[in-house]
Amino acid sequence: MFCVLRKGHLALALGALVFFVLFIFILWRGAAQPALETSMFLAEDGSLTIIIDPGHGGEDGGAVAADGTVESQINLEVAQRLQEILVFLGREPVMTRDSDISIYSEGASTLREKKVSDIRNRVEFVNSYPSAILLSIHQNSLPQAKSVHGAQAFCNQAEGGEALAAVIQDRLNQAVNLGNEKDAKVIDSSVYLMSHIQCAGVLVECGFLSNAEETALLKTGEHQTLLAISVAAGLLSGITANVSAGTPSPG
């Protein structure tokens, strides 16, 4: 029993060490990019809430791969890993959902009504915080071009959004897009969530479910962790150490 416990502790210690080394490596690889001017993100009391939004959920599964893999579940798994990493690093993010649910209001009955209610509730949730950054996690799909792959960051037009997306994209390029680097882009204004939140938001398309090889990768814990580390490194390299990223009461 003693040996089993010691082996278990050793495995946990090694896992934590590997994670820490990966995080520092990704952070260091992108160190040439300047940190953002954090005052644009902060509330009057100096606080900042990090909100993680696993896209879709419940009846709305989002994109579906050829093998039946549903986007919403991968979104949740990557988002939960991102949450765990940020907590490990001393931050306390909040989640729009933490299980396979759609967060629509009572009274919504059809799938369309549920989707509309869900996205409006997410906007209301984000806007209830006096100062926040939104990280929305999604998967892409382009069935007409199945060879397309890679992770890409999109931002809204709120102050700081474009700069933050660029830093996150840099970390994604270093970690998962080598040889397939992409540029961060401003998202289309038709994306309701991103155009109606009042804070800077970055939507990360982690990969393409229309690409069979990338779908297989996206389903693995190792790749999900690498994506989460990249997003966390990009976020934290863009905000200074004196920012309190706790969860102030909605106001």
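Parameters at a glance
- Here the residue index of a chain counts from 1 through its sequence in written order.
- Reporting of local features is limited, given that this is a predicted model, to residues whose pLDDT is at least 70; pairs of side-chain atoms are given and counted only at 80 or more, and all residues count toward the totals for whole chains, interfaces and linings.
- Hydrogen atoms and water are omitted, and side-chain values are computed over all heavy atoms in the structure.
- Note on definitions: angles span 0 to 180 degrees between N-to-C directions of axes, and those axes are lines fitted to C-alpha atoms, for helices only across the stretch in contact.
- Secondary structure is summarised from DSSP: a helix means a run of H or I of at least four residues, a strand means a run of E of at least two, and numbering begins at the N terminus for each.
- Angular relationships are summarised with four words: roughly parallel below 35 degrees, roughly antiparallel beyond 145, roughly perpendicular across 65 to 115, and oblique for the angles in between.
- Take the far helix as the reference: if the near one is turned anticlockwise from it by less than a right angle, the crossing is left-handed, and if turned clockwise, right-handed.
- Two residues qualify as a contact provided that any one of their heavy atoms is within 4.5 Å of a heavy atom in the partner residue.
- Throughout, the ten residues Ala, Val, Leu, Ile, Met, Phe, Trp, Tyr, Cys and Pro are labelled nonpolar, Asp, Glu, Lys and Arg are labelled charged, and all others, Gly among them, are labelled polar.
- Categorising residues by exposure relies on relative accessible area from a 1.4 Å probe, with only protein chains included: less than 20% of the type maximum marks a residue as buried, more than 50% marks it as exposed, and the intermediate range marks it as partly exposed.
- Here a strand pair is declared whenever DSSP counts at least two bridges between the two strands.
- As used here, the term nonpolar core means buried Ala, Val, Leu, Ile, Met, Phe, Trp, Tyr and Cys residues forming a set that is joined through side-chain atoms within 4.5 Å.
- One speaks of a salt bridge when a side-chain nitrogen belonging to Lys or Arg is within 4 Å of a carboxyl oxygen belonging to Asp or Glu.
- A residue's pLDDT is simply how confident the predictor is in it, with values from 0 to 100.
- With its strands directed away from the observer, a crossover is right-handed exactly when the path from the first strand over the helix to the second travels clockwise.

Peer 1: How should I be thinking about the packing of helix 2 (residues 71-88) against helix 7 (residues 221-237) in this particular structure?
Peer 2: When two helices pack together, their arrangement is captured by the angle between the axes and the distance separating the axes. Axis separation between helix 2 and helix 7 bottoms out at 8 Å; the angle between their running directions is 50°. The orientation of helix 2 with respect to helix 7, classified from their angle, is oblique. The interaxial crossing formed by helix 2 with helix 7 has right-handed handedness. The residues of helix 7 that touch helix 2, namely those facing Ile74, Glu77, Val78, Arg81, Leu82, Ile85 and Leu86, are Gly221, Gln224, Thr225, Leu227, Ala228, Ile229, Val231, Ala232, Leu235 and Leu236. Taken together, the residues of the contact of helix 2 with helix 7 break down into 12 nonpolar, 3 polar and 2 charged.

Peer 1: Help me understand the pairing of strand 3 (residues 132-140), please; the structure alone is not making it clear to me.
Peer 2: Regular strands show a simple pattern: their side chains alternate between the two faces of the sheet. The buried fraction of strand 3 is high, at 9 of 9 residues. Two elements, strand 1 (residues 49-54) and strand 3, share 6 bridges in a ladder whose sense is parallel. In the sheet register, Pro54 faces strand 3, and the bridge partner there is Ile137. Sheet topology places strand 3 next to strand 6 (residues 200-208); 7 bridges connect them, and they run parallel.

Peer 1: Please explain the nonpolar core as it appears in this structure.
Peer 2: Side chains that are nonpolar tend, in soluble globular proteins, to be buried together. Core analysis: the largest hydrophobic core is formed by 36 residues, its most contacted members being Leu82, Leu135 and Ile168. Elements with a contribution of two residues or more to this core: strand 1, helix 2, strand 3, strand 4 (152-155), helix 4 (161-175), strand 6 and helix 7. Not counting residues up to four positions away in its chain, the partners in contact with Leu135 are Ile50, Ile51, Ile52, Asp53, Leu82, Ile168, Val202, Val231 and Leu235. If you look at the next biggest cluster of nonpolar residues, it comprises 14 residues, including Ile51, Val94, Tyr129 and Leu134.

Peer 1: Explain the pattern of salt bridges to me, please; I cannot follow it from the model alone.
Peer 2: When the charged atoms of two side chains lie near each other, side chains of opposite charge can form a pair. Across all of its chains, the model carries 6 salt bridges by this definition. Its salt-bridge partner being Asp67, residue Lys219 comes within 3.0 Å of it at the nearest N-O pair. Of this pair, Lys219 sits in the loop between helix 6 (212-218) and helix 7 while Asp67 sits in the loop between strand 1 and helix 2, placing them 152 residues apart in sequence.

Peer 1: I tried to follow the confidence of the model for the protein on my own but got confused; where do I start?
Peer 2: Overall, the predicted model of the protein reaches an average pLDDT of 85, with 77% of residues at or above 70. Low pLDDT (under 50) marks residues 1-5, which in the prediction has 0 contacts with non-local residues, meaning those over four places away or in another chain. Contacts for the low-pLDDT stretch residues 241-251, under 50 throughout, to residues beyond four places or in other chains number 28 contacts.

Peer 1: Would you explain the pairing of strand 1 in this entry?
Peer 2: The buried count for strand 1 comes to 6 of 6 residues, which makes it a mostly enclosed element. Here strand 1 shows no split at all, with Thr49, Ile51 and Asp53 on one side and Ile50, Ile52 and Pro54 on the other all buried. Pairing of strand 1 with strand 2 (residues 94-95), which is carried by 2 bridges, proceeds in the parallel orientation. If you follow Ile52 over to strand 2, its bridge partner there is Met95. Handedness of the crossover is the feature at issue here: the chain leaves strand 1, passes through helix 2, returns alongside strand 2, and the resulting connection is right-handed.

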